[in-house]
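Architecture and fold: a report
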Amino acid sequence: MRTFRDAVVLYAAPFLCAGLLFGAQPTVQDAKKFLDDADKKLFDLSLESSQASWVQSTYITDDSEALAAKASERAIAESVRLAKGAVRFDHVKLPPDMARKMMLLKNGLVLAAPANPAESAEVTRLAASLEGTYGKGKYCPEGGKPCMDIEAVTRVLANSQNPAELLDAWRGWHTISPPMRKDFQRFVELSNKGARELGFKDTGAMWRSKYDMPADDFAKEVDRLWLQVRPLYLSLHAYVRNKLREKYGPDVVPANGPIPAHLLGNIWAQDWSNVYKMVAPADTDPGYDLTQILKSRDTKPLDMVHYGESFFTSLGFAPLPPTFWQRSMFTKPRDRDVVCHASAWDVDSLEDLRVKLCLDITEEDFITIHHELGHNFYQRAYNKQPFLFRDSANDGFHEAIGDTIALSVTPEYLVKIGLLDKAPDASKDIGLLLARALEKVSFLPFGLMIDQWRWKVFSGEVTPEQYNKAWWDLRLKYQGVVPPMDRPESYFDPGAKYHVAANVPYTRYFLSFIMQFQFHRALAAAAGCPAGSATPLHRCSIYNNKDAGKKLNAMLEMGESRPWQDAMYEITGQRQVDATAILDYFAPLQKWLDEQNKGKPVGW
Ligand code: X8Z
Ligand code: ZN
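Not measured: the values here are computed from a predicted model. (Residues numbered from 1 in each chain as written. Chains lettered and ligands numbered in written order. Predicted model: local features only at pLDDT ≥ 70, side-chain atom pairs only at ≥ 80, totals over all residues. Heavy atoms only, no water.)

Moving on, we get to the overall build of the protein chain. Regarding its fold elements, the protein chain presents 26 helices and 4 strands. Relative to a compact globule of 604 residues, whose C-alpha radius of gyration would be 25 Å, the protein chain shows 24 Å and is just as compact. Along the three orthogonal principal directions, the C-alpha set of the protein chain runs to about 80 × 55 × 45 Å. Considering the protein chain as a whole, with its 604 residues, one finds that 61% of them fall into the buried category. When contacts within the protein chain are restricted to residue pairs at least 6 apart in sequence, those whose partners lie at least 24 apart make up 78%. Approximately 23000 Å² of the protein chain is accessible, and the part contributed by carbon and sulfur atoms is 53%. (Helix = DSSP H or I, 4+ residues; strand = E, 2+ residues; numbered from the N terminus. Rg over C-alpha atoms; globule rule 2.2 N^0.38 Å. Buried < 20%, exposed > 50% of the residue type's maximum accessible area, 1.4 Å probe, protein only. Contact = heavy atoms within 4.5 Å. Areas by Shrake-Rupley, 256 points an atom, 1.4 Å probe, with all protein chains shown as cover.)

Here you go:
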């Protein structure tokens, strides 16, 4: 998802009112003019930067990269000036909505450029070039075999059960990132300099300042949530390790150590759905495979998008505008390099909604399109807010909406829309829950560790000489995975993940994967399946339920106008991120996993 702050398109002309020039105490009136001005300019000028960025991502050339970097540089320089300008109103007593806008101006940036023009140009150029390098990334095997792009590598990791082939693809994808290492190091230096000029300790501290609580409290909050969900992850890890050991043998998978990262069905071992067949419990396997269903019906990429849109319209949301269908990129073009990593855009911050992805006909991409549309429907829901409030309550909210909807893609829902003849009965619940856990629970430590690494990189606790070692130390600590081969510092494995190369903060996904279960629980209650009712949450779909749609929309419309705790309250009646929702959802599975794991080692 791309918001104006992510894309660094904050832009406003320098503001100096007469009172400020002569050193007088600024008034509420001055503040109002400052904010109105900023809002209007940001609204107008974010368009230019979004358009340049769209072309950069969907048509990677040296020129599109240079133009996007320029647009971003202009925007960032002005947005930094604006953040500094807002400080002057620190001692003016402002009404809450004005104070919030000032706070957002000061804390909202993801990348702050130094004031020095040469450095400002350099950091934005590096940002564009790192993302471009990732987008163009290909594994070209020796011996003249054709190069593999990310789609091809993804397919091998998802489908092969041959360890040598898996290792080759895994190793191959990680060849794209060593060339990023030097640029990334310089990027860290310069972005930290920019953050410090705004009064933050470093870029990581700036990222942690966006959660309506002190930055240090936010870091503690994340630790608290991880400790809550860790036992569930450990149970899943132990069960999967054992099944993989049965499959690949004790020489490949240890009984009580970490799992080699190339065996889990995904380049980054962040989503284990693709090993479902290898680990499925024979007697409770629900017996259908959405990928196969979609393929056998000759489903086209556009059909997948229509399935997603129909879910939202069934809740009462208006259909997507015609420009969405005209301007989006749904599949990978054959004739040029693009950034395939899925994203959703609101180019004019009003109605010009788009997605950019390289859809494959798989269950994974069926879920991804729901994820992306969640961003688009959120963007449109808050488009009546002042521009400065046109964002999600916090960045985790933006990531959670489409996933919340996808939690309603239950067997019963698939029957309703004609993709499945008959829903499996309750005896298959463990299989269903296991499939979900392989997607959701497996992700949690990955969602956490990326920024644990980056926070340390930005703070200097991890030096450039330790980039790769620190990365794998954290992957071991949190995920319990190891690289399938030695990874010395000549590699730069973090850069083989989009969000590191593209400077997108990642803790948002960790939050999202916990909050989406809270949202699902609340919306399910509105749709007639409260917790503890005859329909368990993993069988409850809010499809077609206008009450749930209304409840969701009431939260989406708020945008970022209130602290996220208020938005959370609006939809769940709670003011905290609460991991009990995901734990309750998977409680029957955890019990079952612990039975399977009895007498076997857990942890690594
Ligand atoms: O990047 C994404 C979305 C776009 S915001 C496709 N996700 C994370 C990832 O792919 O690493 C969704 C889940 C985690
Ligand atoms: Zn997203």
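That was the structure; now back to the text.
The subject of this paragraph is the coordination of the zinc ion (ligand 2). For the zinc ion (ligand 2), the full set of protein donor atoms is His371 (NE2), His375 (NE2) and Glu399 (OE), at a range of 2.0 to 2.1 Å. Angles of 93 to 130° at the metal separate the 4 donor atoms of the zinc ion (ligand 2), which places the site in the tetrahedral class. For the zinc ion (ligand 2), all donor residues lie on one chain, and their spacing in sequence is H-x3-H-x23-E. Linking His371 in helix H15 (residues 363–381) with Glu399 in helix H16 (residues 395–406), this pair joins segments that are 28 residues apart in sequence. Side by side, His371 and Glu399 carry an identical accessibility label, which is buried. (Donors = N, O, S within 2.8 Å, 3.2 Å for Na, K, Ca; no water. Tetrahedral: all angles 85-135°; square planar, octahedral: opposite > 155°, others 65-115°.)

Once that is clear, we can look at H15. The terminal C-alpha atoms of H15 lie 27 Å apart, and with 19 residues this matches the ideal 27 Å at 1.5 Å per residue to within 8%. Within H15, 16 of the 19 residues are buried, which leaves it mostly tucked inside the rest of the structure. (Expected span 1.5 Å × (residues − 1).)

Here we come to the nonpolar core. The biggest cluster of nonpolar side chains holds 166 residues, and the ones touching the most others in it are Phe397, Trp453 and Phe586. Among the elements that take part in this core, helix H10 (residues 215–248) stands out by supplying 13 residues, more than any other. Ranked by size, the runner-up nonpolar core spans 15 residues in total, among them Ala31, Leu35, Leu42 and Met98. (Core = buried A, V, L, I, M, F, W, Y, C linked by side-chain atoms within 4.5 Å.)

Turning our attention to the packing of aromatic side chains. In total, this model carries 41 aromatic pairs according to the counting rule given. Consider the rings of Tyr233 and Trp604, whose centres lie 6.5 Å apart with planes at 80°: the pair is edge-to-face. Linking Tyr233 in helix H10 with Trp604 in the segment after helix H26 (587–596), this pair joins segments that are 371 residues apart in sequence. Residue class for Tyr233 comes out buried when judged on its relative accessible area of 0%. On the basis of relative accessible area, Trp604 is assigned to the partly exposed category, the value being 32%. One aromatic cluster in this structure is built from Phe184, Trp453, Tyr467, Trp471 and Phe492. Residue placement shows Arg487 over the ring face of Tyr491; its charged tip is 3.6 Å from the ring centre. When the ring centre of Trp268 is taken as origin, the NZ or CZ atom of Lys497, which lies over that ring, is 4.1 Å away. (Phe/Tyr/Trp six-rings, centres within 6.5 Å; stacked < 30°, edge-to-face > 60°. Lys NZ or Arg CZ within 6 Å of the ring centre and 35° of its normal.)

A few words now on the pattern of salt bridges. Scanning all chains against the criterion turns up 37 salt bridges. Of the charged contacts in the structure, one is a salt bridge between Asp298 and Lys300, with a shortest N-O distance of 3.0 Å. Residue Lys300 is classed as partly exposed on the basis of its relative accessible area, which comes to 42%. Put simply, Lys33, Asp37 and Lys41 are held in one network by salt bridges that share partners. (Salt bridge = Lys/Arg side-chain N within 4 Å of Asp/Glu carboxyl O.)

It is worth spelling out the pairing of strand E2 (residues 343–346) at this point. Of the two faces of E2, both are covered, the one formed by Ser343 and Trp345 as well as the one formed by Ala344 and Asp346. Where E2 folds back on strand E3 (residues 353–356), the antiparallel hairpin that results is connected by 6 residues, among which Ser349 adopts a positive phi of roughly 60°. (Pairing = 2+ DSSP bridges.)

Tallied over the full model, the rule gives 3 disulfides. Note on cysteine connectivity: Cys340 is disulfide-linked to Cys358, with sulfurs 2.1 Å apart. Because the torsion about its S-S bond is -85°, the bridge between Cys340 and Cys358 counts as left-handed. Of the two residues, Cys340 is situated in the loop between helix H14 (322–327) and E2 and Cys358 in the loop between E3 and H15; the sequence distance between them amounts to 18 residues. As far as burial versus exposure is concerned, Cys340 and Cys358 are alike and both buried. Across the disulfide from Cys529 sits Cys540; the S-S distance is 1.8 Å. In this structure, the disulfide formed by Cys529 and Cys540 twists by about 50° around the S-S bond and is classed as right-handed. One end of the pair, Cys529, is in the loop between helix H22 (507–526) and helix H23 (546–557); the other, Cys540, is in the loop between H22 and H23, with 11 residues separating them in the sequence. Taking relative accessible area as the criterion, Cys540 reaches 1% and is therefore assigned buried. Numbered in order of appearance, the disulfide-bonded cysteines of the protein chain are paired 1-2, 3-4, 5-6. (Disulfide = S-S within 2.5 Å.)

In short, shape yes, function no, at least from these values alone.
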